[in-house]
Amino acid sequence: MPDIGNGQPVIFGEVLFDIFPDGSRVLGGAPFNVAWHLQAFGCDPLFVSRIGEDALGEQVSAAMRQWGMQITGLQVDPVHPTGEVRVSIENGEPAYDIVANQAYDYINSADLPAIESVSLSYHGTLALRNHQSASALDALLQSGHAPVFLDINLRPPWWNREAAKRLLERATWLKLNEHELAELLESDIDVKAGAAALIEQYGLSLLIVTRGKQGASMYSDSGKILNVAPEGVSKVVDTVGAGDAFTSVCLLGLMQAWDMQKILQRAQQFASAVVGVRGATIVDRGFYEPFISEWQK
């Protein structure tokens, strides 16, 4: 495992609202969800994103303040609106229109906050679809020199293979699902062989493959392989954000130097609990307390 300093985690990427057919709005975005959970776990993350100078943007900053999150990395855009994803129901299944030219597409490197010390950096891929935000991430990573956790999310048409390869080349840890693994390799090679191929090709320290109802697998550069199955869930209320919950505990474990087995088991434990509540951002701090208490033992 790479050496992780005692600085703060930096979380870069989109914050947005899912807009449903009935007009309801749910605050989210994978990086935002991850930062939200890390704040609840006491990690004091710096979330770097951009919101519009609008009512939805005000809701984002208000929610962050109320949760105790730093807002020094939250830029305000006078031209582009706060991010939206329009959700529709087609044949009983949700479909997503990820709206283009949103504020998070225009994160400005000139407006990045000064950061004294970074323990690790996290980012996904959606917010990098625009060159301005991609350039801001480049500047951020060059200034921090911290290990990078890459959470691949291959959403057509918002990704391309060459850009994904560049991101992989500077990643320390990688998380993706089994379909994205096959997509990156352009092959139906089995998961174990595919994980080994990516680790070798890009010099990754750790690769995590999520497999939905089958759980998740973790592969290390030393050849160690671990698997975990989902815990029994009495009632699934909402699976939105379960993957981000999983990721947040992986980051927590990396910063606290847990072994691979603990990281995987605890990440799955937390994700299994999150699907039992509505929404990806949980505003009840009591929800987190049993995990914090148990994991300190």
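Just above sits the structure.
**Focus on the nonpolar core**
- Grouped together as the largest cluster of nonpolar side chains are 53 residues, with contacts concentrated most on Phe 41, Phe 47, Val 60, Phe 270 and Tyr 288.
- Excluding residues that lie within four positions of it along the chain, Phe 41 makes contacts with Ser 248, Val 249, Leu 252, Phe 270, Tyr 288, Phe 291, Ile 292 and Trp 295.
- Among the nonpolar cores identified, the runner-up in size contains 33 residues, and Ile 152, Ala 164, Ala 171 and Ile 199 belong to it.

**Side note on the packing of helix α1 (residues 30-40) against helix α2 (residues 55-67)**
- Contact pair α1 / α2: the axes reach a minimum separation of 10 Å and the direction vectors enclose 20°. On the basis of the axis angle, α1 is roughly parallel to α2. Regarding α1 and α2, the two cross each other, and that crossing is left-handed. Along the contact surface, α1 presents Phe 32, Trp 36, Gln 39 and Ala 40, while α2 presents Val 60, Ala 63, Met 64 and Trp 67.
- For the contact of α1 with α2, a count of residues per class yields 7 nonpolar, 1 polar and no charged.

**What to know about the pattern of salt bridges**
- One pass over the structure, following the stated rule, counts 10 salt bridges.
- A salt bridge links Arg 86 to Glu 84, with the nearest nitrogen and oxygen atoms 3.7 Å apart.
- Between Asp 151 and Lys 175 there is a salt bridge; the shortest N-O distance is 3.4 Å. Taken together, the residues Asp 151 in strand β9 (residues 148-151) and Lys 175 in strand β10 (residues 173-177) connect sequence positions 24 residues apart.
- With a relative accessible area of 7%, Lys 175 lands in the buried category.

**Remarks on unusual backbone geometry**
- Here the phi dihedral of Asp 44 falls at roughly 50°; this positive angle occurs in a residue that is not glycine.
- Looking at the secondary structure, you find Asp 44 in the loop between α1 and β4 (46-52).
- Using a relative accessible area of 36% as the deciding quantity, one classes Asp 44 as partly exposed.

**Points about the pairing of β9**
- What you see with β9 is no split at all: Val 148 and Leu 150 on one side and Phe 149 and Asp 151 on the other are buried throughout.
- Handedness of the strand β8 (residues 118-123)-helix α3 (residues 131-144)-β9 crossover: right-handed.
- In this structure, β9 lies alongside β10, joined through 3 bridges in parallel fashion. From the neighbouring strand, Leu 150 faces β10, where its bridge partner is Leu 174.

Here is what the cut-offs are and how they apply
- Residues numbered from 1 in each chain as written.
- Predicted model: local features only at pLDDT ≥ 70, side-chain atom pairs only at ≥ 80, totals over all residues.
- Heavy atoms only, no water.
- Core = buried A, V, L, I, M, F, W, Y, C linked by side-chain atoms within 4.5 Å.
- Buried < 20%, exposed > 50% of the residue type's maximum accessible area, 1.4 Å probe, protein only.
- Contact = heavy atoms within 4.5 Å.
- Axes fitted to C-alpha atoms, helices over the stretch in contact; angles between N-to-C directions.
- Helix = DSSP H or I, 4+ residues; strand = E, 2+ residues; numbered from the N terminus.
- Parallel < 35°, antiparallel > 145°, perpendicular 65-115°, else oblique.
- Left-handed = near helix turned anticlockwise from the far one by under 90°.
- Nonpolar A, V, L, I, M, F, W, Y, C, P; charged D, E, K, R; others polar.
- Salt bridge = Lys/Arg side-chain N within 4 Å of Asp/Glu carboxyl O.
- Right-handed = clockwise from strand over helix to strand, strands pointing away.
- Pairing = 2+ DSSP bridges.

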